[in-house]
Amino acid sequence: MVTLSQPTTLLYSWRTALIFAALIAKFILAVQPSYIHPDEFFQSFQIIYNDNLPWEVAEKGNINRSIVPLLITHYPVIWFGTKVGLDPFQIYLLVRIQLTIVSWIITDWCLYRLAPLKHERIKATLFTMTSYLTLVHQTHTFSNSMETCLLLPTLYIVNDIRSYLERNTPGQSYSVVKLCALGALISLGVFNRITFPAWILIPSFFLLKFFLKHPFISFIPIIIFILTSVLFIVVDSLYYSTAPSYVIAPLNNLVYNISTDNLRIHGIHPRYTHILINYPQMVGPLFFMIFPFTRTYTRTTTFLAVISGFLTLSIFPHQELRFLLPAVPLLSTLISFSNPAFSILKKYFKIALSLWLIYSSILSVFYGDFHQAGIIPAIAEINDNVLTSSLSISSSSHTTTLLFWRTYPPPTWMLDKTLLPNPLYLSKHDDGTIPLDSPYCNRNYVIDLMGSSLETLLAVGNKMSSSCPKNNIYLVAPVNAMLDIDTSSYSIIWKTFWHLDMDHFEYDKHGIDTFTPGLGIYNLM
């Protein structure tokens, strides 16, 4: 990697303290129960626990999610936690701590090798560690987090092959071990997320040069890739044993995502969203310290990977910020405190680090401590107290209905099924209705009302109470959502301050009170 710039005195003097503080913050945030996106549960734990399965694996003839990455990252911890008697909340935190440790080690190790000069390593590590995306999103159980951990060692090997080609040392053969690792990493990366090849598409130019120069040895990563992929297909096919044929999850996922009609279900974005909206959110005040405002690192492998990922992912009209999570450490290697394209930026460089730390701290607190952060503690409270007290005061003929309103979908794998056996899961349809025509009074219900209207909530509650008088109805909802409901119709059981719902503010109805944080469990009467 070509690097020329020298760090500022400020950056060099405070590097150790900032990196150490960020590391502590990273582990503190790793055990906070914030909830960023449903996929952190519904593409992992829900599948492993075979509970309320998501669309990716619900249709046996069209499995979109490989089980292999989950068997590697999640299952050993879940197995251990179950053996030693941990509850679901503790298992969840243990998985996150494991992911935090693994991502920290891999990121540090790879940045050390992708940046050959000491001050470049310090700079890249500093800005990676202090990014709110590293502090929060990377510690959550996203497939994107795993993608980062697989992409960095892959790019390290690609960059190493590039250096090998540039050295052009006669008689020196390239490492067979690294070539085998390259094939296995790419295979696992593809089976983890179909977006993985997007980040290595342009850097693969160096792999093509290597293949042309060393065609015989180049078959090693190809063979390893094929063998590893076949193994993963066999494992998926055995795991999803009711599937009618071999399960090739990446291919199914690619076919699904090529269809705009399918993506419309999840949300269509303008194709400039990644570059003009998501990218500025990622880098914040550092926007003017990266290409095109500085051009120091435009020949590096990490720069080529960033360009490759952004351009390729921008082709698809469903564009979420977390899809760019693997770019965080890559972008950190491209930040420059010198050689701005415009001289006026020299003054800005002096305050950029301070602005960055403030920006990242605010977003880390928001996403790490508040964002939908009451849902998981609410489920823990339901397991520990609500369901147990309900059973102690009710006869065996009583059933329970849990309503989740104006929250993210509840991670139902956490619910204690010994206290809430065989629940029936319902959720809002696209037309806004809840499929609850004739309730089964001998069944427990978990109903995800999403952002349904107040009228829908009241209709569902009335339907359950009138049809099944022995049914105990509990509502989990944000504090500000309860401003719409007559206080005489419910009693509060439990409440937490640490929750913020950003999707349902009603300033025109409730004024500043609509911004009140918090989430509660209520007994509907």
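Scroll up to find the structure.
What counts, and at which threshold
- Residues numbered from 1 in each chain as written.
- Predicted model: local features only at pLDDT ≥ 70, side-chain atom pairs only at ≥ 80, totals over all residues.
- Heavy atoms only, no water.
- Helix = DSSP H or I, 4+ residues; strand = E, 2+ residues; numbered from the N terminus.
- Rg over C-alpha atoms; globule rule 2.2 N^0.38 Å.
- Buried < 20%, exposed > 50% of the residue type's maximum accessible area, 1.4 Å probe, protein only.
- Contact = heavy atoms within 4.5 Å.
- Areas by Shrake-Rupley, 256 points an atom, 1.4 Å probe, with all protein chains shown as cover.
- Lys, Arg positive; Asp, Glu negative; His and termini not counted.
- Charge placed at Lys NZ, Arg CZ, Asp CG, Glu CD.
- Pairing = 2+ DSSP bridges.
- Core = buried A, V, L, I, M, F, W, Y, C linked by side-chain atoms within 4.5 Å.
- 1 Å grid on protein atoms, 1.4 Å probe; cavity = no way out; pocket = protein on both sides within 12 Å on 5 of 7 lines; lining within 4 Å.
- Points joined across faces, edges and corners; volume = space filled by probe spheres on them.
- Nonpolar A, V, L, I, M, F, W, Y, C, P; charged D, E, K, R; others polar.
- Disulfide = S-S within 2.5 Å.
- Salt bridge = Lys/Arg side-chain N within 4 Å of Asp/Glu carboxyl O.
- Polar contact = N/O pair within 3.5 Å; in protein donor to acceptor, adjacent residues only side chain to side chain.
- Axes fitted to C-alpha atoms, helices over the stretch in contact; angles between N-to-C directions.
- Parallel < 35°, antiparallel > 145°, perpendicular 65-115°, else oblique.
- Left-handed = near helix turned anticlockwise from the far one by under 90°.

## Concerning the overall build of the protein
Tallying secondary structure elements over the protein gives 24 helices and 6 strands in all. Over its C-alpha trace the protein gives a radius of gyration of 25 Å, about what one expects of a compact globule, namely 24 Å for 525 residues. Considered along the principal axes of its C-alpha atoms, the protein spans approximately 85 × 60 × 45 Å. Counting only residues that meet the buried cut, the protein has 54% of its 525 residues in that class. The contacts in the protein between residues at least 6 apart in sequence include a share of 79% that link residues at least 24 apart. Here the protein has roughly 23,100 Å² of accessible surface; of this, 65% comes from carbon and sulfur atoms. Side chains of the protein give 32 positive and 30 negative charges; the mean places of these two sets differ by 16 Å.

## A look at the pairing of strand E4 (residues 471-478)
Of all 8 residues in E4, 8 are buried, a share of seventy percent or more. On E4, burial covers both faces: Asn471, Ile473, Leu475 and Ala477 on one face and Asn472, Tyr474, Val476 and Pro478 on the other are all buried. Summarising the sheet, strand E1 (residues 399-405) and E4 pair through 6 bridges and their orientation is parallel. Across the sheet, residue Leu403 finds its bridge partner in E4, namely Leu475. Here E4 pairs with strand E6 (residues 519-524) via 5 bridges, running antiparallel. Among the inter-strand pairings, Tyr474 is bridged to a residue of E6, identified as Asn523.

## Observations concerning the nonpolar core
Nonpolar side chains in soluble globular proteins tend to be buried together. Ranked by size, the top nonpolar core spans 75 residues in total, and within it Ile161, Trp199, Phe210, Met282, Phe310, Leu330 and Leu331 carry the most contacts. Take this core: its biggest share by element is 11 residues, from helix H11 (residues 143-167). Counting 39 residues, the second largest nonpolar core, distinct from the first, contains Phe41, Tyr240, Ile382 and Phe404.

## Focus on empty space enclosed by the protein
Throughout the structure, instances matching the rule amount to 5 cavities of 30 Å³ or more. Considering only enclosed or pocket space, the largest cavity measures out at about 80 Å³ in volume. Lining the largest cavity are Phe127, Ser131, Met282, Val283, Leu286, Ile290, Val328, Leu331, Ser332, Ile335 and Trp356. Mapped by element, the contributors of at least two residues to the lining of the largest cavity are helix H18 (273-283) and helix H20 (327-332). In terms of residue count, the dominant contributor to the lining of the largest cavity is H20 (3 residues). In terms of residue class, the lining of the largest cavity is built from 9 nonpolar, 2 polar and no charged.

## Quick word on the state of the cysteines
Enumeration according to the criterion identifies 1 disulfide in this entry. Bridging Cys441 to Cys468, the disulfide has an S-S length of 2.1 Å. On the S-S bond that ties Cys441 to Cys468, the torsion sits near -80°, and the link is left-handed. In this pair, Cys441 sits in the loop between strand E2 (424-427) and strand E3 (445-450) while Cys468 sits in the loop between helix H23 (454-467) and E4, placing the two residues 27 residues apart along the sequence. Take Cys441: its relative accessible area is 33%, and that puts it in the partly exposed class. Left without a disulfide partner, Cys149 is nearest to the cysteine sulfur of Cys110, which lies 9.0 Å away. Cys149 sits in the buried class, given a relative accessible area of 6%.

## Points about the side chain of Asp448
Its place among the elements puts Asp448 in strand E3. The side chain of Asp448 sits in the buried core without any salt bridge; Lys428 is the nearest counter-charge, 8.6 Å away. A distance of 3.1 Å separates the side chain of Asp448 from the backbone nitrogen of Met450, its partner in a polar contact. Ignoring sequence-local partners within four residues, the contact set of Asp448 consists of Phe404, Thr407, Pro409, Pro410, Leu426, Ser427, Lys428 and Ile434.

## Some details on the packing of helix H8 (residues 88-114) against H11
Remark: H8 packs on H11, axes separated minimally by 9 Å, with the N-to-C direction vectors making an angle of 20°. When the axis of H8 is compared with that of H11, the two are roughly parallel. Once H8 is placed against H11, the crossing between them reads as left-handed. Taking contact as the criterion, the partners of Leu99, Ser103, Ile106, Thr107, Trp109, Cys110, Arg113 and Leu114 in H8 are, on H11, Ser145, Cys149, Leu152, Pro153, Leu155, Tyr156 and Asn159. In terms of residue class, the contact of H8 with H11 is made up of 10 nonpolar, 4 polar and 1 charged.

## Focus: the sheet that holds E3
Taken in spatial order, the 6 strands line up as E2-E3-E1-E4-E6-E5 in an open sheet, and their pairing is mixed. The open sheet has two free edges, formed respectively by E2 and strand E5 (490-496), since each of these has just one partner strand. Adjacent strand axes in the sheet meet at a mean angle of 20° when their direction is disregarded.

## Section: the packing of H18 against helix H19 (residues 301-313)
Viewed as axis vectors pointing N to C, H18 and H19 meet at an angle of 135°, and their least axial separation amounts to 11 Å. One element, H18, and the other, H19, form an angle in the oblique class. Between H18 and H19, the residues in contact are His274, Ile275, Tyr279 and Met282 and Phe310, Leu311 and Leu313, respectively. When grouped by side-chain class, the residues that make up the contact of H18 with H19 number 6 nonpolar, 1 polar and no charged.

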